[in-house]
Structure formats: structure tokens, C-alpha cells
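The primary structure of each chain is shown beneath.
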Amino acid sequence: MRTESGGPVHVVVGIGLNVALPAELRARLAGMGTAAADLASLAAPAPPPARAGLAAALLREGVGAMGEFALQGFAPFLDEYLAADALRDRPVRLQGSGPVEDGVARGVDTDGALRVEHGEQIHRIIAGEVSVRTAST
């Protein structure tokens, strides 16, 4: 994200989709504690959606969501996000976040700030570039 004081905000949004993961890669990821899915598996026995149609649907939904976000902020998306949060209640290691480096992910708040429990406190993580990874136990 780039912003100017009192000026426009520019945001680059990216998404990565697994279209067809080899079974051995899914097994290796599962061995590391990450359940990976791909569109081919989710669509089976039907074929996965065509890439062009999928890209068009993602753009349509994404642009609509950005308009809603501009008007209402993150709050309307909170419940859906929390339902899909794969890191919630898992140990995490943060890189680039400042004083908190390890903790337990506790979801996000209505502003979209990452909530990480460290010690006996919940820290709100708001930063431009934070890498969150599951911590090895």
C-alpha cells in the first residue's frame, strides 16, 4: 500500500490459487501441518473451472468487495474471515512486526488488525509488511 498525506491511497492486492497440486506435494505439506487444497480436488469429479472464467469471477467479486470496504471498512468481512482463518489459535512466528516475535494467533479485530497473544497480553499487529508463519512446536 502506498499513500500520500491527504492524497490517494494505492493498494496492490494479490491472490494465489492452487489449481492442481500433485498428491505428493499435498502429502508433504500435510506432514508439515498444513492442509493444502486445490481447485481440481474441490471440484472433483467435475473438472476445475476454466482459468478465464475464474479470473473474471475473482475480479468481479474483488472489485465489489473493495467498493464495500471503501464504504464500510473491514467489519462486514469479519465473520467470513474468522470462519476461514487457518492460523487462529495456532502458534505463530512474526517477522517484521516489531517487539512481538512469537505468540498464538487470535484472529483479527473489526479493523483487520492481527491479534497475537504473547505472554498474557493480546497485541494488535498493524504493519505494512509482516510475515506470519506457523511456529514449529
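Novice: Explanation requested: the overall build of the protein chain in the structure shown.
Specialist: Scanning the protein chain from terminus to terminus reveals 4 helices and 7 strands. Reading the protein chain from its N terminus to its C terminus gives the helix and strand order β-β-α-α-α-α-β-β-β-β-β. Expressed as a percentage of the 137 residues in the protein chain, the buried residues total 15%. Pairs at least 24 residues apart make up 33% of the contacts formed inside the protein chain by residues separated by at least 6 positions.

Novice: Looking at this structure, I do not really get the pairing of strand β4 (residues 102-108). What am I missing?
Specialist: The two faces of a sheet get side chains in turn, since along a regular strand they alternate between them. Examined bridge by bridge, strand β3 (residues 91-95) and β4 share 3 bridges and lie antiparallel to one another. Following the sheet pairing, V92 is matched in β4 by G103. By the bridge criterion, 3 bridges tie β4 to strand β5 (residues 114-118) in an arrangement that is antiparallel. Looking across to β5, one finds that V108 is bridged to L114. Hairpin geometry of β4 and β5 is characterised by an intervening segment of 5 residues between the two adjacent antiparallel strands and by a positive phi of about 90 degrees at G112.

Novice: Would you take a moment to explain the side chain of D109 for this structure?
Specialist: Take D109: it is sitting in the loop between β4 and β5. In this structure D109 comes out as buried when scored by relative accessible area, which is 17%. A distance of 3.0 Å separates the side chain of D109 from the backbone nitrogen of A113, its partner in a polar contact. Excluding residues within four positions of it along the chain, D109 makes contact with F74, L78, R115 and R124.

Novice: What exactly am I supposed to notice about helix α3 (residues 51-72) here?
Specialist: Side chains of residues three or four places apart in an α-helix project in the same direction, reflecting 3.6 residues per turn. Taking 1.5 Å per residue as the helical rise, α3 with its 22 residues ought to reach 32 Å, and the 31 Å between its terminal C-alpha atoms agrees with that figure. G73 lies just past α3 and shows a positive phi near 80 degrees.

Novice: Just checking my understanding: could you explain the pattern of salt bridges for this structure?
Specialist: If the charged atoms of two oppositely charged side chains come close together, the side chains can form a pair. Considering all chains together, one arrives at 6 salt bridges under this definition. The closest approach of N and O atoms between D109 and R124, which form a salt bridge, is 2.6 Å. With a gap of 15 residues between them, D109 in the loop between β4 and β5 and R124 in strand β6 (residues 121-125) connect regions that are remote in the sequence. The shortest N-O distance in the salt bridge between D111 and R124 comes to 3.3 Å.

Calculation rules
- Residues numbered from 1 in each chain as written.
- Predicted model: local features only at pLDDT ≥ 70, side-chain atom pairs only at ≥ 80, totals over all residues.
- Heavy atoms only, no water.
- Helix = DSSP H or I, 4+ residues; strand = E, 2+ residues; numbered from the N terminus.
- Buried < 20%, exposed > 50% of the residue type's maximum accessible area, 1.4 Å probe, protein only.
- Contact = heavy atoms within 4.5 Å.
- Pairing = 2+ DSSP bridges.
- Polar contact = N/O pair within 3.5 Å; in protein donor to acceptor, adjacent residues only side chain to side chain.
- Expected span 1.5 Å × (residues − 1).
- Salt bridge = Lys/Arg side-chain N within 4 Å of Asp/Glu carboxyl O.

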